[in-house]
Every structure is written in structure tokens, then in C-alpha cells.
Amino acid sequence: MRINYLLIVLFLTVFTACKTNSEEKPEVVTIKEDVAFLADDKLEGRQTGTDGEIAAAAYIAKRFEDLGLTAKGTKGYLQAFSFRPKTDPHQEVNYTVIDGDSTITGTNVIGFLDNKEENTIIIGAHYDHLGYGAEGSLFRGDTKEIHNGADDNASGVAVLLNLAQKLKYANKGNNYLFMAFSGEEMGLLGSNYFTKSPTIDLLKANFMLNMDMVGRLKQDSTLAVYGVGTSPILKQVVKANNSKFKIIQNESGVGPSDHTSFYNSEIPVLHFFTGQHEDYHKPGDDTEKLNYEGMETISSYIFDIISDLDNNGKLPFRKTKNESDEIPRFKVGLGVIPDYLFNGKGMRIDGISEDRPAQKAKLQKGDIVIKMGDSLVTDMMSYMRVLSTFDTGDKTKVIVKRGDEEVEADIEF
């Protein structure tokens, strides 16, 4: 099914007419309204290179225009990049291919708020997702279904747009570059392309803030903030401005989202994340499951961090230890979604995959794995180290903490 472009244009025209008046301050568009458009079935999952991605890009560009941001792409607000998908995950992507067989064109959307300052803060979030279930989908159904990606990552784009509305009238100590990336799900391609073909002087980039999956703040208000070690002041600023969240800090500037591209360009970064869930990369990641009040609170928190740093000048960059280098390789899996925000002892299970060892052993969501075989599991890293010692066909015992009880289960990989 192809999207009718006339309908897209008509929708955007009506939407804009309802929301803005060129002679007045634009009416505030809510986070929920932005998510509702981006995660609608009509956009068919926003896969890079599809009509749905183009429609999403047009919507974001129009929102940037209505907010009074200056176009900073290579063609208006848009920065297109063409590539052929990698056949080898270790190979470099070639962005200079000539249009032809297997070529995909993605589109970054870039708006600039010029406060006539020396340095620029980059605020980003990817807007692409998996369409009807591209590579990376964890859905195992018999039919194709739209992966709307409400949390991943309509949520991040909605918070980005909310921040643009706030920063339009406050914190004038830096310029701001707002970027909605495409190609993230295919390997951080849009952000990587921008750092290789920037539309501003990256030497004047102060720091980069990235929001990816910020839509499912849990009841305990746990928020992960990665990259706090990439500049000496960041750890203190993240802590000092927090009064709402249980913050899980991570120093590394490297991770599976677009902030990595900027860290690799020696720009300090912070990445915000509310954790994985059972609907991650599945059709169930829909709008009704988001915590919109939590997203508003996250936006306010990030705004406070920016406000705190408004008069600090350009932040120094500091390299961090790449924790992914320490992750052991393993041949088998338990078939669970770990709770990456859990900071107690053990590895808490946040979801169970169908027809995998954990389900067959009757493990449950919320169980905390504390022992596998003869080895104690004290955290995520120790869990992965233990898992790496097993091979297909191996059997072992797993002990989990379930409430106040310890439950033993037999596992066969």
C-alpha cells in the first residue's frame, strides 16, 4: 500500500492552519499530538526510504517552520543521504552511491535556532522505525504488521519538538540545532552521515543531547542518562537538576543510538532513555501505552539541564571507556528482555519471549536472576559473562528471586 501524497499535503495544510498564525506566537502543540501523527498507521512504520518516512519528514519540517526555526538541511530543512544496505555488519557504509538497484535514500530533518552565539547545542532524536517489520523486528507472527514505534522513537521526536517550543523563548547563551535523524534502525546512518557532511561547523558544537525511547517512564520514575563521563561537569549537572527521577547514570558516550556518532566526533553527549519493554521492535509499540505525563517531566528535566549550562561556555570533551568492548560473546540466549534500568543485585526480567528457554522453564516477568549454574549473577555484566559459558544443547539450573521467595528452574539452551 502506498500513501496518498495529496492526503498528506491536505492534512498538513489543515493541521498548520489550525495551529498557527503567521502574525502571532504559534499555539503550543502537545507531545501527545506529535506522537499521534508520527505513530499513526497511515505512516506505515516510518521505515527509511519509504513514503511513510517522507510523510514524517514533511510533518517535522513543517513543525520546525511553524516554530520559527531556520532551515539547515541541504535542501530546506531536509538533508537526504543515499546508501546501499550493508551485507557485512563490519563494513563501512558508502554514502556516495549512484541511484540504482538496492539504493535507499533516507532524510534527516534539521532546523536551527540562531541566537547569534559562538557555540551550538545539538538536540536530536531519530524518527525512523521498522515499517512492516524490517530487519531488527522481534515479532514472530505469521502475518506482516505495522510497527508504529510510538516509544521507538516518536516519543523522542515529540520531546525534541517540545524542547524547541521552550527554547524559542529562553536560554539564549547558545544556538540550537534540532535534528530528527533517519536510518537509525539500520545502523545510526543519518547521524553518521551528518557528522561526515555537517551543515554547521562541528568545531562550534557545544554538546549533543539525544532522546531515544523516552515514552515509557515506569512507576518508580527510573530514567537512564548515558554519557555523563563525556565532559567533567555533566555528572554534577545531571544530579543537581534532578528532583523527579531515580537516575541511572552511565559514563560511556558509546551506545546503540545516535549520540554515538557525535561522541565519535569528540562532542560531549547525554542520552536519555526510559528502558526497554515487551513491545520493543514489535507491532505493540503503540500510542496508548505511552506515559505522556512522564514525557513532559523528562522534557522539563532536559530543559533544566540546558538552563544550568546556558552560561558555562563550551564544554570540554573527555573520552570514556567503551563498555561495549567488555561485553562477552555468547552463542545462546535465555529468551528474556532484561530490565536495563534495574540497579539492584541480579538481572531482573522485563519480558519473556515466546517459545524460548525462559518461557519453557516458566520464568516470569519481574523475576530476578541471581544464579545460573554454579555462578552468581550480581548485575547485567555478570549475567552476560555467565551466559557466554553455555552452548546450544547445554542444560543448567537457574535460581530467580520472585517476590520474597527463591525459585529454581531447569533451563535447556
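Everything below is about the structure printed above this text.
This is a predicted model, so every value here is computed, not measured.

Considerations on the nonpolar core
Okay, so step 1: If you look at the biggest cluster of nonpolar residues, it comprises 61 residues, and the most contacted ones within it are Val35, Ile123, Phe178 and Phe272.
Okay, so step 2: Among all residues touching Ile123, those that are not within four sequence positions of it are Leu160, Leu163, Leu167, Tyr176, Leu177, Phe178, Met179, Leu209, Met211 and Ile306.
Okay, so step 3: Counting 24 residues, the second-largest nonpolar core is a separate cluster that includes Tyr383, Met384, Val386 and Ile411.

Structural notes on the pairing of strand 15 (residues 405-412)
Okay, so step 1: Alignment of strand 14 (residues 395-402) against strand 15, held across eight bridges, turns out to be antiparallel. Residue pairing across strands places Thr396 opposite Ile411, the latter belonging to strand 15.
Okay, so step 2: Hairpin connection from strand 14 to strand 15: two residues lie between these consecutive antiparallel strands, with Gly403 at a positive phi of about 65 degrees.

Comments concerning the packing of aromatic side chains
Okay, so step 1: Enumeration according to the criterion identifies twelve aromatic pairs in this entry.
Okay, so step 2: Relative to Tyr193, the ring of Phe81 lies with its centre 5.6 Å away and its plane at 25 degrees, an arrangement referred to as stacked. On the criterion of sequence distance, the pair formed by Phe81 in strand 2 (residues 78-83) and Tyr193 in helix 5 (residues 189-196) is long-range, its members being 112 residues apart.
Okay, so step 3: A residue is classified by how much of its surface remains accessible, and Phe81, at 1% relative accessible area, is buried.
Okay, so step 4: Using a relative accessible area of 16% as the deciding quantity, one classes Tyr193 as buried.
Okay, so step 5: Seen in terms of ring centroids, Phe194 and Phe262 are 6.2 Å apart; in terms of plane orientation they differ by 40 degrees. Their pairing is tilted.

Analysis parameters
Residues numbered from 1 in each chain as written. Predicted model: local features only at pLDDT ≥ 70, side-chain atom pairs only at ≥ 80, totals over all residues. Heavy atoms only, no water. Core = buried A, V, L, I, M, F, W, Y, C linked by side-chain atoms within 4.5 Å. Buried < 20%, exposed > 50% of the residue type's maximum accessible area, 1.4 Å probe, protein only. Contact = heavy atoms within 4.5 Å. Pairing = 2+ DSSP bridges. Helix = DSSP H or I, 4+ residues; strand = E, 2+ residues; numbered from the N terminus. Phe/Tyr/Trp six-rings, centres within 6.5 Å; stacked < 30°, edge-to-face > 60°.

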